[in-house]
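Here's the letter readout for the chains.
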Amino acid sequence: MVDTKLTANPITSAKNNPRSCGNLVVITGPSGVGKGTSVQRLLNQVPGLSRSVSVTTRTKRAEETEGIDYFFATKEEFEEMCQKELLMEWAEFAGALYGTPKAWVEKELKAGRDVILEIEVQGAKQIRDRFPHAVLIFLSPPSFAALESRLTGRATETPEKIALRLKKAKQELKQKHLFHYEVINDNLDEAVNN
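The structure reproduced in this document is the subject of the present report. If you're wondering where the values come from, they're calculated on a predicted model, not measured in any experiment. (Residues numbered from 1 in each chain as written. Predicted model: local features only at pLDDT ≥ 70, side-chain atom pairs only at ≥ 80, totals over all residues. Heavy atoms only, no water.)

## Topic: the overall build of the protein
- Helices and strands together make up the secondary structure of the protein, namely 7 helices and 9 strands.
- Expressed as a percentage of the 194 residues in the protein, the buried residues total 46%.
- Nonlocal contacts in the protein, meaning residues at least 24 apart in sequence, comprise 69% of its contacts between residues at least 6 apart.
- As presented, the protein carries roughly 10400 Å² of accessible surface, and 51% of it is formed by carbon and sulfur atoms. (Helix = DSSP H or I, 4+ residues; strand = E, 2+ residues; numbered from the N terminus. Buried < 20%, exposed > 50% of the residue type's maximum accessible area, 1.4 Å probe, protein only. Contact = heavy atoms within 4.5 Å. Areas by Shrake-Rupley, 256 points an atom, 1.4 Å probe, with all protein chains shown as cover.)

Quick look at the structure:
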């Protein structure tokens, strides 16, 4: 389902857009719904779109690269960034802290480039409150069972961490009405096109 409240295409290439400021686009949804995969496809298909890299305190996974997937920080470093108001938003999720570096995003937007944030629901709600011009997209799973299967199939976390993520997902799915658009990720190509 795609809400039609906004009629303009929110993701337009900066070079085709004479605006002095880029669009801020948020992709959110529960863990395991396919945010990362969808955003990567969008980056490959939409010229001039930049992905913000979040700061996190969680442990780096083997396949992740510092500065590309995340900026990895200690809890103390992250808390200092919060105190100095260097983050646009931040959230705690599954025992780790995540946040969006403000200076990098503002620089991209001022240069007329569109920026996409791939963030958790708690952080997306902060962006909604602080940046009313942002376009907010909630990515939903086709069913809760499908989400559970995706999280289990990743085999990157303990059963306890997966249980925490599923508990949080139930709460997050109840908040999808707070966002401009809902896209159901049943078929990746269709979800990305939507």
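## Examining the packing of aromatic side chains
- Under the counting rule described, the total for this entry stands at 4 aromatic pairs.
- A ring pair is formed by F138 and F179, whose centres lie 5.7 Å apart and whose planes are at 35°; its orientation type is tilted. Note that F138 is positioned in strand β8 (residues 135-140) and F179 in the loop between α6 (159-173) and β9 (181-184), a separation of 41 residues in sequence. (Phe/Tyr/Trp six-rings, centres within 6.5 Å; stacked < 30°, edge-to-face > 60°.)

## Concerning the packing of helix α5 (residues 144-154) against α6
- In contact at an axis separation of 11 Å, α5 and α6 are set at 150° when each is read in the N-to-C sense. Compared by their axis directions, α5 and α6 come out roughly antiparallel. At the point where α5 passes α6, the crossing takes the right-handed sense. Along the contact surface, α5 presents F144, L147, E148, L151, T152 and R154, while α6 presents I162, R165, L166, A169, K170 and L173.
- Looking at the contact of α5 with α6 residue by residue, the class counts come to 7 nonpolar, 1 polar and 4 charged. (Axes fitted to C-alpha atoms, helices over the stretch in contact; angles between N-to-C directions. Parallel < 35°, antiparallel > 145°, perpendicular 65-115°, else oblique. Left-handed = near helix turned anticlockwise from the far one by under 90°. Nonpolar A, V, L, I, M, F, W, Y, C, P; charged D, E, K, R; others polar.)

Keep in mind these numbers describe shape, not what the thing actually does.
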